[in-house]
Amino acid sequence: MATTTVAGDDLVEYGFRRVIITITAVLCALLEIVDTTIVNVALTNMRGSLGATLTDVAWVITAYAIANVIVIPMTSWLSQQFGRRNYFAVSIIIFTVSSFLCGNASNIWELVAFRFVQGLGGGALLVTAQTIITESYPIAKRGMAQAIYGMGVIVGPTLGPPLGGYLVDNFSWPYIFYINIPLGIIATFLTLTFVRSPKYGEKLKANQVDWWGIVFLSAFIGSLQFVLEHGQQDDWFSNNTIVTLSVVSITGLLLFVWRQLTYKHPIVNLSVLKDGNLRIGTLMSFIMGFGLYGSTLIIPIYTQSILGWTALDAGLLLIPGSITTAILMPFIGRMIQKGIPQAYMIAGGFFIFFCFTFWMRNVMTPDTGVEHFWWPLILRGIGLALLFVPVTTLALSTLKGKHIGEGAAFTGMMRQLGGSFGIAIITTFITRLSQSHRVDMIAHLDGSRLEVQQRLQILQKGFMAKGASSNEALNKAYQVMDFSVMKQSTVMSYMDIFLYLGVLFLFCIIFVFLIKRSKNIINPADAMH
């Protein structure tokens with residue numbers, strides 16, 4: 001086995017070793033991302049077997065997300081402290097052991113605690129995997145490296161729901177955690193055997209560690225994530241907890257930035273953001289997270305709650321688009337190597353995403369068939385491929401050495417936060433817009449109108465034919481009308497969300513070219529060679 005600690009420039013691998021390292025890193029990124037979404041379809045079963053309320057069981061998702069976003073910015077620093085190989089291997093072990101403990105949890109709060117620990121291990125896997133892949137490839141092939149990593153990151157969120165649905169339907173909910181165990185053992189073995197650690201500086205003594213920085217970061221990110229996850233169900237700023245944690249988050253952010261700029265050994269190197277490409281890449285990662293996680297949220301909710309699909313069917317619907325993305329990614333990587341500017345690809349990706357949202361808005365009805373979703377979701381897959389690889393390559397293209405890991409931490413954190421903001425804003429809008437549409441529609445349901453009277457009479461006669469009395473049948477007819485209005489108003493709110501997402505993506509196209517013109521950015525295509 002090669003020496004495990006090497007100079008930063010000697011981490012490039014070739015042949016069999018590079019293939020194995022790439023497979024290990026993608027496997028670990030997949031483990032982390034699949035676990036973000038696989039739980040969604042099992043929440044109902046967890047509630048039943050653990051005797052939990054809907055609010056309690058939502059913490060299974062929240063705890064994992066909070067741990068993720070706290071640890072992601074610190075991954076580069078932790079890698080330097082303990083050595084990348086050791087840190088990566090320990091993270092996989094923490095993730096795997098806590099997966100086993102999650103499956104064995106006997107009550108909801110045990111499960112939430114183990115999910116938090118799982119998130120601490122999982123957050124490290126995502127960013128460290130990206131850094132390992134990036135540094136294993138020579139600079140000229142970094143576009144291809146990001147394409148391979150991106151295949152895992154994009155396919156992961158869509159694999160979660162169908163895989164979770166299959167395991168829950170055929171086995172039981174603990175198996176969504178147990179499935180991680182054999183994969184975690186294989187990944188740990190491959191990491192200890194093949195991955196090498198860079199030598200980027202001495203590790204700090206315990207009294208030099210920026211403990212206050214860790215506290216401020218945890219307060220800022222943890223509180224923000226809680227506010228975003230629980231804002232809608234707790235009625236946002238009408239709730240004292242949400243107000244308090246919002247204040248804690250803003251204070252934590254200000255103190256964290258001050259601490260990182262003034263302390264000798266910061267845990268997050270903010271100076272890396274002086275790189276213009278990284279700044280743009282970080283912002284684009286946020287918007288991409290917003291669109292990726294936002295649209296991944298709306299489609300399964302719509303198909304299950306409005307169209308009455310099973311969780312497995314709803315999950316399977318997203319797979320063709322993900323396969324499209326995975327197939328296109330290596331081609332996009334090759335285009336970047338040939339010197340096609342990333343700005344054009346990013347603009348193209350945002351435009352295709354706009355077309356996808358507009359198309360989805362037009363096909364949504366209370367009884368849309370599966371065939372109407374096929375092409376819009378393929379289009380979404382093309383848009384994601386054009387966005388993910390160019391954005392991540394652009395962000396890291398002019399960074400060297402340990403700054404690659406620091407840059408990857410920023411883009412990873414912003415993609416996660418973008419997803420959290422997207423989900424929080426979209427769920428709020430769905431609730432508010434559906435109420436607004438319902439009020440508008442009820443105003444048109446005037447009992448004196450002939451169409452309304454005829455519809456009620458038909459429904460009433462139908463219920464009377466099934467043995468209901470005249471009054472019972474009339475009450476049921478009103479309930480059916482009310483349900484129909486509710487369903488229609490919810491569909492209209494989904495249509496509005498897609499329209500707003502489309503406008504956001506259109507606005508981003510202008511933004512891409514404005515930045516290109518106004519800032520003196522190194523052409524990423526040149527930076528790759």
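Because the structure is predicted, anything quoted here is derived from the model rather than measured. (Residues numbered from 1 in each chain as written. Predicted model: local features only at pLDDT ≥ 70, side-chain atom pairs only at ≥ 80, totals over all residues. Heavy atoms only, no water.)

### Describing the overall build of the protein chain
Thinking step 1. The helix and strand tally for the protein chain stands at 20 helices and 2 strands.
Thinking step 2. Rg of the C-alpha trace for the protein chain: 25 Å, near the compact-globule value of 24 Å for 529 residues, within the 12% margin.
Thinking step 3. For the protein chain, the spread of C-alpha atoms along the principal axes amounts to about 85 × 55 × 45 Å.
Thinking step 4. Within the protein chain, buried positions represent 55% of all 529 residues.
Thinking step 5. A sequence separation of at least 24 residues applies to 84% of the contacts in the protein chain between residues at least 6 apart.
Thinking step 6. For the protein chain, the exposed surface amounts to about 22,500 Å²; the carbon and sulfur share of it is 66%.
Thinking step 7. Between the centroid of the 34 positive side chains of the protein chain and the centroid of its 26 negative side chains there is a distance of 9 Å. (Helix = DSSP H or I, 4+ residues; strand = E, 2+ residues; numbered from the N terminus. Rg over C-alpha atoms; globule rule 2.2 N^0.38 Å. Buried < 20%, exposed > 50% of the residue type's maximum accessible area, 1.4 Å probe, protein only. Contact = heavy atoms within 4.5 Å. Areas by Shrake-Rupley, 256 points an atom, 1.4 Å probe, with all protein chains shown as cover. Lys, Arg positive; Asp, Glu negative; His and termini not counted. Charge placed at Lys NZ, Arg CZ, Asp CG, Glu CD.)

### Observations regarding the nonpolar core
Thinking step 1. One finds Phe-350 and Phe-373 to be the most contacted residues of the largest nonpolar core, which totals 81 residues.
Thinking step 2. The biggest single contributor to this core is helix 15 (residues 342–363), with 11 residues.
Thinking step 3. Excluding anything up to four places from it in sequence, Phe-350 contacts Met-284, Ile-287, Leu-387, Phe-505, Cys-508, Ile-509 and Val-512.
Thinking step 4. With 37 residues, the next largest nonpolar core counts Leu-224, Val-272, Phe-410 and Met-413 among its residues. (Core = buried A, V, L, I, M, F, W, Y, C linked by side-chain atoms within 4.5 Å.)

### Describing the packing of helix 10 (residues 211–230) against helix 17 (residues 402–444)
Packed helices, taken two at a time, are described by the angle their axes make and the gap between the axes.
Thinking step 1. Where helix 10 meets helix 17, the closest approach of the two axes is 9 Å, and the angle between their N-to-C directions is 30 degrees. By the criterion of interaxial angle, the relationship of helix 10 to helix 17 is roughly parallel. Taken together, the residues of helix 17 that come into contact with helix 10 (itself represented by Ile-221, Leu-224, Gln-225 and Leu-228) are Met-413, Leu-417, Ser-420, Phe-421 and Ala-424.
Thinking step 2. Partitioning the contact of helix 10 with helix 17 into residue classes produces 7 nonpolar, 2 polar and no charged. (Axes fitted to C-alpha atoms, helices over the stretch in contact; angles between N-to-C directions. Parallel < 35°, antiparallel > 145°, perpendicular 65-115°, else oblique. Nonpolar A, V, L, I, M, F, W, Y, C, P; charged D, E, K, R; others polar.)

### What to know about the packing of aromatic side chains
The geometry of two aromatic rings is summed up by the distance between their centres and the angle between their planes.
Thinking step 1. A full pass over the atoms with the stated rule returns 16 aromatic pairs.
Thinking step 2. On the numbers, 5.7 Å between centres and 85 degrees between planes, the contact of Phe-353 with Phe-356 is edge-to-face. Residue Phe-353 and its partner Phe-356 are located together in helix 15, separated by 3 residues, close to a single helical turn.
Thinking step 3. According to the relative accessible area criterion, Phe-356 is buried, its value standing at 0%.
Thinking step 4. Judged by centre distance (5.9 Å) and plane angle (70 degrees), the ring pair of Phe-429 and Tyr-500 falls under edge-to-face. (Phe/Tyr/Trp six-rings, centres within 6.5 Å; stacked < 30°, edge-to-face > 60°.)

### Some details on the pattern of salt bridges
Any two side chains of opposite charge can pair if their charged atoms end up close together.
Thinking step 1. For the coordinates displayed, the defined rule picks out 1 salt bridge.
Thinking step 2. As a salt-bridge pair, Asp-35 and Arg-115 come within 3.5 Å of each other at their nearest N and O atoms. Here the residue Asp-35 occupies a position in helix 1 (residues 15–37), and Arg-115 occupies one in helix 6 (residues 108–136), the gap between them amounting to 80 residues. (Salt bridge = Lys/Arg side-chain N within 4 Å of Asp/Glu carboxyl O.)

### Overview of the state of the cysteines
Thinking step 1. Per the stated rule, a full pass over the model turns up 0 disulfides.
Thinking step 2. Looking at Cys-28, it has no disulfide partner, and the nearest cysteine sulfur is the one in Cys-102, 17 Å off.
Thinking step 3. No disulfide involves Cys-508; its sulfur sits 14 Å from that of Cys-355, the nearest cysteine.
Thinking step 4. Residue classification places Cys-508 among the buried residues on the basis of a relative accessible area of 2%. (Disulfide = S-S within 2.5 Å.)

### A word on helix 18 (residues 450–465)
Thinking step 1. For helix 18, which comprises 16 residues, the first-to-last C-alpha distance of 22 Å matches the rise-based estimate of 22 Å (1.5 Å per residue) to within 8%.
Thinking step 2. Of all the residues in helix 18, the buried ones are Val-452, Leu-456, Leu-459 and Gln-460. Burial along helix 18 is one-sided: seen end-on, the buried residues are contained in an arc of 100 degrees. Opposite the buried face of helix 18, at more than 90 degrees from it, the exposed residues are Leu-450, Ile-458, Lys-461 and Ala-465.
Thinking step 3. Phi turns positive one or two residues past the end of helix 18, at Gly-467, with a value near 105 degrees. (Expected span 1.5 Å × (residues − 1). Arc of directions from axis to C-beta.)

### Things to note about the side chain of Thr-22
Thinking step 1. Relative to the helices and strands, Thr-22 is located in helix 1.
Thinking step 2. Excluding residues within four positions of it along the chain, Thr-22 makes contact with Ile-133, Tyr-137 and Ile-148.

### Thoughts on helix 12 (residues 276–305)
Thinking step 1. The end-to-end C-alpha separation of helix 12 is 44 Å, in line with the 44 Å expected for 30 residues at 1.5 Å each.
Thinking step 2. In terms of burial, helix 12 is largely enclosed, as 22 of its 30 residues are buried.

### Things to note about the environment of Leu-377
Thinking step 1. In this structure, Leu-377 sits in helix 16 (residues 374–396).
Thinking step 2. Its relative accessible area of 3% is what places Leu-377 among the buried residues.
Thinking step 3. In this structure the C-alpha to C-alpha distance between Leu-377 and Ala-140, which are 237 residues apart in sequence, comes to 32 Å.
Thinking step 4. Apart from residues lying up to four places away in sequence, Leu-377 is in contact with Ile-299, Leu-317, Leu-318, Gly-321 and Phe-356.

### Side note on a nonpolar patch on the surface
Thinking step 1. A contiguous nonpolar surface patch, about 500 Å² in accessible area, is contributed by Phe-358, Ile-425, Phe-429, Leu-499, Tyr-500 and Val-503.
Thinking step 2. Elements that contribute at least two residues to the nonpolar patch include exactly helix 17 and helix 19 (470–518).
Thinking step 3. Looking at the nonpolar patch element by element, the count peaks at 3 residues for helix 19.
Thinking step 4. On the secondary structure map, Leu-499 appears in helix 19. (Patch = residues over 30% accessible without salt bridge, like charges linked within 9 Å, V, L, I, M, F, W, Y side chains within 5 Å.)

### Overview of the confidence of the model for the protein chain
Thinking step 1. Here the protein chain averages 78 in pLDDT, while 90% of its residues score no lower than 70.
Thinking step 2. Low confidence marks residues 1–8, where pLDDT is under 50. Its contacts with residues over four positions away, or in another chain, come to 18 contacts.
Thinking step 3. Contacts from residues 516–529, a stretch scored under 50 in pLDDT, to residues over four places away or in other chains number 27 contacts. (pLDDT = per-residue confidence, 0-100.)

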